[in-house]
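One letter stands for each residue in the lines below.
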Amino acid sequence: IHVRNLSLFILVFLYLRRCSVQLDFIAKENDVVKIAGPWKEAILYTLNKAANEHYDSLFQPNFFDLNRHERLPLRDFIEVLCQNFCRYQRQTDDGQYQIVPTEKQKAFLARILCAEECFHFSEVGSGKTKVILPLLCQAFLSSNEAVHEQLARGGQCKHVLVVLVPEHLLHDARSQVFRYCLNLNFRDEYRVYDDIFALLHQDVQLGGQPAGSKFSLGGGGKFPRGPRMKQIFVTSFNQFKKALTNDAICAKVWPHREHILVVADEVDDFLDRDKLVFNICSNKPNAFDKSTLALYYEVSRAAYGAEAAPPRVGASPNPQYWRQLHDKLGALHAEIQDASRSINKSFGIFNETTLRHCSTNIAHDIEGYKSLIARPYESVNRAMPGSYYSDVERTIYLTYVILVEDIAKYDELFQQERKFLSFEYWSAHVSQIDYDDLVYGLDRLSEIVSKQPDAKDGLVRFLYEIILRRMEVRDRSRSVNSIDVIFNFDCIGFTGTPFIDNYPTFAYLRCQREDEIPDMIDRSFYAYSSEALGADLFEERFARFQGQNSHVLVEYVPSDFVAAADDELAVLEHIFAREERVRLQRAEQSAEVGCSNVLVDLCGIFKRSSIHDVRDLVLRQFGPDRFHYVYHIDQVDGSDRVLCVNSNSDVQFDEEFYKFLCKTYGEALRERIFFFVDNRNVIGKDVPFQLVYQRRFGQPLFMQSVVLAHDVDDFSKIWQAMGRSRTMNETRFSIYKSGVPED
């Protein structure tokens, strides 16, 4: 046995122990020795069940010992963290580290730790996820007294850290935490979990230590290190809310919540009022009779068509209820036109496509009627697993909307139920179609409606009543929202988008304060219209918002064509044609010419189009020689990928492939990749290699970025979409917005 092989075995197992993998071994079975000799010694050593000074001397140099800086002042300790941080980085061709924490980032980290406000703003692209988050986690895993005094937030010492990120950033966050936090403090016992639901395992306990371990730390001072084992959980906003609806998890969390610190990335998204509530409902079968089902259909149809309440409402046993329901559904209809149609469809039905990011929940969430009714979505075409609307009437109406607008989703249901369509129903509602063809035919529902549009109403009525009969109604429900988290846990966090919400924090409630609620975020750079600021003062505050992005060139382009477009790809084709026309005009004027090589779908226009559809349009529009690859973000794990324009080759956009592109194209690399950023990834997603490319070739990877904003009026969201370019001062932006004059 070569020593280096055994060494690698031990090192890997030391890391696995820390990343929440339960390790065990069988030394002997049925009088047969399975493991013996140095391999058994190595296993016992990694499980902390045997000491070995030789192994200690061999492996200890591979770990950063942060505990020896226990009494170092905070600023000096941050310098140590940043020096260690550089050692994780690869070096570029010029011998420099790829990422080196700046003085501004060091000051921001110190402000997060020390400031009274719990949440903090730093401009887009300032390294919050790639630099600040791993440094915070390393600081937590250290024994530095100054750090832990600040992390206590005026309460108990923290030994559990919960890292919350939007779901589309979860893959990146896990990678960052594992990369920087597994080789600290040799032989210290701590755990990094990639799923909050690990708390359901009986061996995962808060405030304790693994059974049989020899965990023992020194300590002393105001915030001693032992005997509690530190734990980090990396999870998404919605998964954390969902976990807090689970009785078993709450039973573990509640006694230790004083010792839990929540770190939230993209706090503004966490506090978004459209995403606050996570509902878990226990349901029971409904008892709707036929007349009630018919009324639900007619009232829903009237609200959808902006018509008056149907006449039969007056003859119903409870006409006041149906009139009030009609008004309510009308308000719901107006709401989804304003906020969901083009920005973000916040509802849909669950199937393998919408739940492709969460395969473990598919069987539960598409069983029976659950695949037919409207359910909450967390982003465009992105279902929120396990959640229901707590309002049954909202579910009823939104189900009608989906049935009318996307009837093809119900093809399978119609195929199952068409044989039960009675002759009487056919005579009353769908006599336009031959009865035998309708009941015994092979045409799908969507095909029938396409051939006979006037039969759609009767077929929708038929299916709607079937769906409502299957639909369960709420028996009881539990809901957890972001405000519950702020009320019950000490929180810190950061964002690149300012927000105006303000709530009493856990520290404020814990101290039973009755004075004015302090701001959760520093608002000193906010500019309110009521202040009527002068130009100089406004520019000074806006400069603080912009940060280093102080010379951004933007043109606004009218997007009213979006409303008239028949399909999504027609919108994209229009944009391509306009951008190419402008490029040629600039070329004729001898102006600096750069083609648009980035599109950010802020308003969620491309709901049904796959990346292959986008690739095919790029190929048709520009031919095979303009762009050779289309960058996209994997919808399952959030990884960076590139799809070849001239083939179906779809590969990881990693460092190896980036070097291949540099070797092949050199500085012309940016002219060969079209970057497509979907609606789900407009917040916080870091498209890689931008700064490395700029440092090497002296020009931005993003030449000109198209931001499809359309009816998004919130400038902070537009700014976030622009921020997918990490070189905003060098990238030109075309923002497509409704209501912009043609000239």
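Just so we're clear, the structure is a prediction, and the values are computed from it rather than from any experiment.

Parameters and conventions
- For every chain, the first residue of the written sequence is number 1, and numbering continues from 1 onward in sequence order.
- Residues qualify for local features only when their pLDDT is at least 70, as the model is predicted, and side-chain atom pairs are given and counted only at 80 or more; totals for whole chains, interfaces and linings, by contrast, use all residues.
- Side-chain metrics in this entry use all non-hydrogen atoms of the structure; hydrogen atoms and water are not considered.
- In this text, helices come from DSSP runs of H or I with a minimum length of four residues, and strands from runs of E with a minimum of two, each type numbered from the N-terminal end.
- Note on contacts: a residue pair qualifies if any of its non-hydrogen atoms lie within 4.5 Å across the two residues.
- Only the protein chains shown count as cover for residues, and all accessible areas are computed by the Shrake-Rupley method using a 1.4 Å probe.
- Each residue's exposure class comes from its accessible area (1.4 Å probe, protein chains only) as a fraction of the maximum for that residue type: buried when under 20%, exposed when over 50%, partly exposed otherwise.
- In this scheme, strands are said to pair when DSSP sees at least two bridges between them.
- Angles shown run from 0 to 180 degrees and are taken between the N-to-C directions of axes, each axis being a line fitted to C-alpha atoms and, for helices, limited to the stretch in contact.
- Aromatic contacts are taken between Phe, Tyr and Trp rings whose centres are within 6.5 Å, Trp giving its six-membered ring; a plane angle under 30 degrees counts as stacked, one over 60 as edge-to-face, and the others as tilted.
- Over a ring means this: the NZ of a Lys or the CZ of an Arg is within 6 Å of the ring centre and within 35 degrees of the ring normal.
- Every helix has an expected span of 1.5 Å times one less than the residues it contains.
- As used in this structure description, the phrase polar contact means that two N or O atoms lie within 3.5 Å; if the pair is within protein, one of them must be able to donate a hydrogen and the other to accept it, and residues adjacent in sequence are counted only when both atoms belong to side chains.
- By convention, the crossing between two helices is left-handed when the near helix turns anticlockwise from the far helix through less than a right angle, and right-handed when the turn is clockwise.
- Each residue is assigned to one of three groups, with Ala, Val, Leu, Ile, Met, Phe, Trp, Tyr, Cys and Pro labelled nonpolar, Asp, Glu, Lys and Arg labelled charged, and all others, Gly among them, labelled polar.

Trainee: Explain the overall build of the protein to me, and be specific about the residues and the numbers.
Mentor: Within the protein one finds 29 helices and 21 strands. Counted over contacts in the protein with a minimum sequence separation of 6, partners at least 24 positions apart contribute 75%. With an accessible surface of roughly 33,500 Å², the protein has 50% of that area assigned to carbon and sulfur atoms.

Trainee: Tell me about the pairing of strand E16 (residues 629–633), residues and numbers included.
Mentor: For E16, the tally of buried residues reaches five of five residues, placing the bulk of the element in the interior. Because side chains alternate across E16, one face comprises the buried residues Tyr629, Tyr631 and Ile633, and the other comprises Val630 and His632, equally buried. Counted along the chain from E16 to the antiparallel partner strand E17 (residues 640–644), the turn is six residues long, and its residue Gly638 has a positive phi close to 75°. In this structure, E16 lies alongside strand E19 (residues 673–677), joined through three bridges in parallel fashion. By the bridge assignment, Tyr629 is partnered in E19 with Ile673.

Trainee: Which residues make up the sheet that holds strand E3 (residues 119–121), and what are the values?
Mentor: Reading across from one edge, E3-E13-E7-E4-E6-E5 is the order of the six strands in this open sheet, with parallel pairing throughout. Each edge of the open sheet is held by one strand with a lone partner, namely E3 and strand E5 (190–193). With direction set aside, neighbouring strand axes in the sheet form an average angle of 15°. When strand E4 (residues 160–165) meets strand E6 (residues 230–236), the two strands line up parallel, connected through six bridges. Within E6, the residue paired with Leu161 across the bridge is Ile232. Along the sheet, helix H8 (residues 170–181) contacts E4, E5 and E6; its crossing angle with E6, the most-contacted strand, is approximately 160°.

Trainee: Outline the packing of aromatic side chains, supporting the account with residue identities and numerical values.
Mentor: Inspection of the entire model under this criterion finds 44 aromatic pairs. For the pair Tyr526 and Tyr528, a centre-to-centre distance of 6.1 Å together with 50° between the ring planes defines the contact as tilted. For Tyr528, a relative accessible area of 35% puts it in the partly exposed group. Taken together, a centroid distance of 5.5 Å and an interplanar angle of 85° make the contact between Phe622 and Phe627 edge-to-face. The pair formed by Phe622 and Phe627 is uniform in burial state, with each residue classed as buried. Grouping aromatic residues by their ring pairs yields a cluster made of Tyr631, Phe653, Tyr658, Phe675, Phe689 and Phe702. One Lys or Arg, Arg257, reaches over the ring of Trp254 and ends 3.8 Å from the middle of that ring. When the ring centre of Phe506 is taken as reference, the NZ or CZ atom of Arg510 above it lies at 5.0 Å.

Trainee: Residues and numbers for helix H20 (residues 456–470), please.
Mentor: Taking 1.5 Å of rise per residue, 15 residues should cover 21 Å, and H20 covers 21 Å from first to last C-alpha, within 8% of that figure. With 11 of 15 residues buried, H20 is to be regarded as a mostly interior element. Among the residues of H20, Gly458, Leu459, Val460, Arg461, Phe462, Leu463, Tyr464, Glu465, Ile466, Ile467 and Leu468 are the ones counted as buried. Among the structural elements, helix H12 (290–304), helix H15 (392–405), helix H16 (411–417), helix H17 (423–429), helix H18 (435–440) and helix H19 (445–451) are those in contact with the buried residues of H20.

Trainee: Kindly report on the environment of Phe423, identifying the contributing residues and their values.
Mentor: Along the chain, Phe423 turns up in helix H17. Among the residues examined, Phe423 registers a relative accessible area of 45% and is labelled partly exposed. Separated by 16 residues in sequence, Phe423 and Val439 have C-alpha atoms that sit 9.5 Å apart.

Trainee: Provide a residue-level description of the pairing of E6, including the pertinent values.
Mentor: Consecutive side chains along a regular strand alternate between the two faces of the sheet. Of all seven residues that make up E6, seven are buried, and the element is covered over most of its length. Residue alternation in E6 divides its side chains into two sets, Lys230, Ile232, Val234 and Ser236 and Gln231, Phe233 and Thr235, and both sets are buried.

Trainee: Tell me what's going on with the sheet that holds strand E14 (residues 553–558), and back it up with residues and numbers.
Mentor: Pairing between the strands of a sheet is mediated by backbone hydrogen bonds and can be parallel or antiparallel. With mixed pairing, eight strands are arranged side by side in an open sheet as E14-E21-E20-E15-E19-E16-E17-E18. Single-partner strands in this sheet number two, and they are E14 and strand E18 (650–652). Along the sheet, successive strands turn relative to each other by an average axial angle of 25°, direction set aside. Direction of pairing for strand E15 (residues 596–600) relative to strand E20 (residues 704–710): parallel, over a ladder of four bridges. Residue pairing for E20: Ser596 is matched across the bridge by Gln704. Against the sheet, helix H26 (residues 611–622) engages E16, E17 and E19, with an angle of about 45° to E17. Sheet strands in contact with helix H27 (residues 655–665) are E16, E17, E18 and E19, and its direction is about 160° off that of E16.

Trainee: Please give an account of the side chain of Asn52 that cites residues and values.
Mentor: Looking at the element boundaries, Asn52 is found in the loop between helix H2 (37–46) and helix H3 (53–59). For Asn52, the side chain forms a polar contact with the main-chain nitrogen of His54, separated by 3.1 Å. Among the polar contacts listed, one links the side chain of Asn52 to the backbone nitrogen of Tyr55, at a separation of 3.0 Å. With residues up to four places along the chain from it excluded, the contact list for Asn52 reads Glu41 and Tyr45.

Trainee: Break down the packing of helix H25 (residues 568–588) against H26 for me, with residues and values.
Mentor: Between H25 and H26, the shortest axis-to-axis distance is 11 Å and the interhelical angle comes to 35°. Here H25 and H26 pass one another in a crossing that is right-handed. In this structure, H25 uses Leu569, Leu572, Glu573, Phe576, Ala577 and Glu580 to contact H26, whose residues at the interface are Asp613, Val614, Leu617, Val618, Gln621 and Phe622. Taken together, the residues of the contact of H25 with H26 sort by class into eight nonpolar, one polar and three charged.

Trainee: Run through helix H23 (residues 535–546), naming residues and quoting values.
Mentor: Under the 1.5 Å per step criterion, the end-to-end length of H23 is 16 Å for 12 residues, consistent within 8% with the ideal 16 Å. Against the buried residues of H23 lie E3 and helix H29 (715–722).

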